[in-house]
Amino acid sequence: MVAQADPSNAALSRLSSLHFSVVLLVVSALLMIAHSMGVLPAWLVRLPEAVIPPTAEVLDVVFAFVQNDLGLIHVTRSIAAGLEYLLDATGNILYGKNRFPYLNRVSFLFIESLGPIPWSAVAAGMAVLGFWLGGWRMAILAGGTFVWTAMIGQWDIAMQTMSVLIVAAPIAFLIGLMLGIAAWQWRWVDNAIKPILSVLQTLPFFTYLLPAVIFFKVGPTAAAVATIIYAIPPMILMTTLGLQKVSPDIVEAGKMSGCTRWQMLTRVYIPAARTEILVGVNQVIMLCLAMVVLTAFIGMPGLGAKLLAMMNSFKLGRSFEIGVTIVLLAITLDRLSKAWVVKQPKHWERETPWWERHFLLLLGLGAFAAFYIISQFQTFEILNEVGRKQSWSKGREIDRWIKGVLEIDSIQAVTGWLRWFLNVKVLIPFRNALLWVPTPALIMMVVALAYWLGGRKPAIYAAVFFGIVALSGWWDRSVITLYTVISAVTISMLLGIPMGIMASGNKRLANWVLLTCDSAQTFPSFIYLIPAIMLFGVNDVAVVFSIVIFTMVPLTRYTIEGLRAVPLEMTEAADMSGANALQKLVSVRLPLALPTMAVGFNQAIMFAFFMVIIAAFIGTQDLGQELQRTLAGTDLGKNIVLGINVSLMALTFDMAILEWAKRRKKALGLG
Amino acid sequence: MTEAAPVISAKNVWKLFGPNPKSYLGSMEPNRSFEDIRKDGYIAGVKDVSIDVGRGEMLVIMGLSGSGKSTLVRCFCRLHEITGGTIEVEGQDIMSLGQKELIDLRRRKMGMVFQSFGLLPHRTVLENVAFPLEMRGQERHTRRERALEVIELVGLAGREDYFPRELSGGQQQRVGIARSLVIEPDIWFLDEPFSALDPLIRREMQDEFLRLQGILGKTVVFITHDFDEALRLADRIAIMKDGAVEQCATPGEIVMNPATEYVQKFTEDIDKARVVTVGALARASAHTAAADGNALDSEATIQGLARQLINDTRAFMPVQDKGGALLGTIKRQDALDLLLGAEG
Ligand SMILES: Nc1ncnc2c1ncn2[C@@H]1O[C@H](COP(=O)(O)OP(=O)(O)OP(=O)(O)O)[C@@H](O)[C@H]1O
Ligand SMILES: [Mg+2]
């Protein structure tokens, strides 16, 4: 590292780093040759059972101790009770849950008389809120989403999802805000939180779920807990970022105004960091939505559960409709919260009467109340609740239509051929090859890659992390996970990067693609399974396909952004040297865009690790499958071991690629 | 102007920026120059400054960009912890104050206008101006009254409910000025308050500032880049270079007797006749007794008396102060040289 700081040595060290990587690769090649000749001892092909430590069992003992002997379970159960109270309240208000074990009679009657709120009142309120935040377009989007949800007959399940969301998001916000402030205020908190955050962000979501179930009961409570934990990290990061960015002028002005520390925080820092904090709110909401949908796997009723059930029984029409609802909700929540970020307070002229100042608030309340009351009358029953028969759902027709289209010979020929080709010619051979490679050889290859990309530190981490994976006893399944990720990301690159390059040539097209990517990134990942299953049915190819579309988003996006950020004078210099478009792309634009593209590539790999686990329910044989199986039981130890495996593999790539991008940027003088 | 006990008294103040300033200063050999210190990896923001500011005095600090003006003023109100020396405000060593006492001192005695405004973007003009009062825990109604009063004073009446981003640079600076005045501070720090303004408005603001100061009569420490501005405002001018004060004296003194080459360069382009008073040129000499006829006012500038000096043909003229006491005489030729530039 020290030698590399010296520019004159850079070339030399680059050579030596390559050298080290080559040595590793040669050794692993020798191992493979030996293996193919059948002379490699068995303990070098796979670690023998005997040396694998019983990590899961040990963890189970530890958990049992913490849970029962230390009494953690009582703590969590009482937290669960509090959460359950809130969830019951929101559930009752939104869809009439009618279950109030913790309420006394009076408040029971009160809340009982409130809920469930008629859908038309919610839609009207949301439309006014949308108008306040972003004018007519936002009003139509927000109101329309809720009208659609009701008319398509999914109001109740959507409200089940929302009832968890509106409890989880504020709690995640508050916890994240407080931790973010603590991390900003005290160095040691920051140092303690950082590594935990990076593990949390790569931990597969099934690993959030089981502890939640064990410590916090099945159903909405566990769903809320898992959702909260999942949504906290970005809030912490955004809070810290925002507080650090507050300009010193404002801070000094605050000091000279005689602020105490508390006043400084609440009146100066937090308001001044408004933008970042609200961006954090946006991310919290989006992550909460994504997670709530996924908690279907632990029996949380709602949109996710319905979608899961429909997909399992191959009811494509209904799946599609639920998918549309989820996407609409995601876009609405995203746009509304983003509009809130940029909304600036506006001043009123003197003498403006109070009703004019609060006109929209009054309008919102008025519309809400009006629809509430109207919908109580028999004639307008439909405004209160859309019955099964009245809904516009065309599930069966769409189903028939989709299946019809898919059965058209030409289409079936294409998908069938693709399925066959990918499976027989690409995926299975690749998988078998990876599984055949002796464990130490594969580890060495990964370490060589990490060293070549990021130098010593990522290489050491790669060795340690993959060593742990090998010792966990789940090597083969980990390799299958890895194989799925690598194949999907490779295909995704072959599609996404050319697409990005093409789009970057045309400004309008580029903007349009970026906008699409932006929206697509807000969709809960679950959605991406729908087209995959539609096209390829339930098998490996569908898994890979869903990962491909999911990961194409960051790849395309960062390719465009990287190419766009190439300074104009550089391309002009190339023009003046008489380069044609292709030469310019290959020798000027791509090299300069590469660091940014690497960030997209990294995100794609992280997304892939995330998706491959979700896709498990389609029926893979990887870690995800095994993880999902643990959800049914109480194998907390095993669940954690599996989750950590995924996390460690993801982190290895994360560190190596980001380090490479950082160095490359520095070398190119891109700051 | 200056009374016996200074309001701010700084003695051998050092402010070093760097990894370990205190121990570095402790072990530093004396007389190291700014450059030497920089080579050791430290920046001398303030370098061994001793200066007093009297009650009701207006001290103007000048110097090139990066000479340490803002740093020095920040030391006065302890926005920076100084590395060495002592600073007393009204006889109290401010470095020995606890957090609470410091907050109290700022809440009651100090106002500051920042070079870059430092307005809170999420608050209206009114809320910004009332901010220090709010921090003091003043009740909403009274602080609103008081804030409106000051807003009126700086000429922003009618804009109370605007947000900073809706105001021009000059208006924003007025908000900054109003905020610094709202607690009626005894000591008023202004860091290049008019630098963001165009010449016309700047002139207007200077007049307004003088008018305010005429009403309020505060102790003022004022930073500027602009010599004309300094001349219009200052009782005394301190000229800084590389963290050190090169000279601190009245404008006339600085122009007539620059202490160092640097100060001289600084004042080279100034129209001296505008600055130098008759009193500064007056000498008690043998001619004093001989000179007769009407005496000149010692506080008038040479430029102010230009017409009279040209028309009056006496070689020597008597000078008297406001009380009528005779101070000495000035040589007409000296005055004309200053006014028209020396011959040859
Ligand atoms: N917080 C800080 N950390 C490190 N160096 C600083 C800091 N604040 C000021 N300095 C340095 O101290 C020196 C004096 O800065 P100062 O802001 O006092 O200059 P100034 O005279 O006010 O200049 P200007 O006219 O541009 O405002 C500069 O060299 C500056 O880089
Ligand atoms: Mg300054």
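Residues numbered from 1 in each chain as written. Chains lettered and ligands numbered in written order. Predicted model: local features only at pLDDT ≥ 70, side-chain atom pairs only at ≥ 80, totals over all residues. Heavy atoms only, no water.

### Some words on the domain arrangement of chain B
All names here are of chain B.
Link 1 in the chain: In terms of domain boundaries, chain B breaks down into domain 1 (55-81 + 97-270) and domain 2 (273-339).
Link 2 in the chain: For domain 1 and domain 2, the distance between their C-alpha centres works out to 35 Å.
Link 3 in the chain: Taken together, the contact pairs 7 residues of domain 1 with 5 residues of domain 2.
Link 4 in the chain: Summed over both partners, the interface of domain 1 with domain 2 comes to about 460 Å²; 80% of that surface belongs to carbon and sulfur atoms.
Link 5 in the chain: Our enumeration of links across domain 1 and domain 2 arrives at 0 salt bridges.
Link 6 in the chain: The interface formed by domain 1 and domain 2 contains 0 residue pairs in polar contact (both at pLDDT 80 or more).
Link 7 in the chain: Put simply, the parts of the chain that give the side of domain 1 that touches domain 2 at least two residues each are α10 (227-233) and α11 (251-256).
Link 8 in the chain: No other element matches α11, which puts 4 residues into the side of domain 1 that touches domain 2.
Link 9 in the chain: Split by residue class, the side of domain 1 that touches domain 2 holds 5 nonpolar, 1 polar and 1 charged. (Domains from an automatic or database assignment. Contact = heavy atoms within 4.5 Å. Buried area = accessible area lost by both parts, 1.4 Å probe. Salt bridge = Lys/Arg side-chain N within 4 Å of Asp/Glu carboxyl O. Polar contact = N/O pair within 3.5 Å; in protein donor to acceptor, adjacent residues only side chain to side chain. Helix = DSSP H or I, 4+ residues; strand = E, 2+ residues; numbered from the N terminus. Nonpolar A, V, L, I, M, F, W, Y, C, P; charged D, E, K, R; others polar.)

### A few points about the sheet that holds strand β1 (residues 8-17) of chain B
Residue and element names in this part refer to chain B.
Link 1 in the chain: Spatially, β2-β1-β4-β5 is the arrangement adopted by the 4 strands of the open sheet, whose pairing is antiparallel. At either margin of the open sheet sits one strand with a lone partner, and together these are β2 (43-53) and β5 (92-93).
Link 2 in the chain: Where β1 lies against strand β4 (residues 84-89), 5 bridges are found, and the strand directions are antiparallel. Across the sheet, the residue bridging to S9 is E88, located in β4.
Link 3 in the chain: Strands β1, β2 and β4 of the sheet are contacted by helix α3 (residues 69-76), whose axis makes an angle of about 60° with β2. (Pairing = 2+ DSSP bridges. Axes fitted to C-alpha atoms, helices over the stretch in contact; angles between N-to-C directions.)

### A few points about the confidence of the model for chain B
Link 1 in the chain: Counting all residues, the mean pLDDT for chain B is 85, and 96% of those residues have values of 70 or more.
Link 2 in the chain: For this predicted complex, the interface confidence comes out at an ipTM of 0.83, alongside a pTM of 0.84. (pLDDT = per-residue confidence, 0-100.)

### Quick look at the sheet that holds strand β13 (residues 326-331) of chain B
Residues and elements named next belong to chain B.
Link 1 in the chain: Taken together, 3 strands build an open sheet; the order of strands is β11-β12-β13 and the sheet is mixed. At either margin of the open sheet sits one strand with a lone partner, and together these are β11 (296-297) and β13.
Link 2 in the chain: Bridge count between strand β12 (residues 316-320) and β13: 5 bridges; the pairing is antiparallel. The residue bridging P318 from the neighbouring strand is T329, located in β13.

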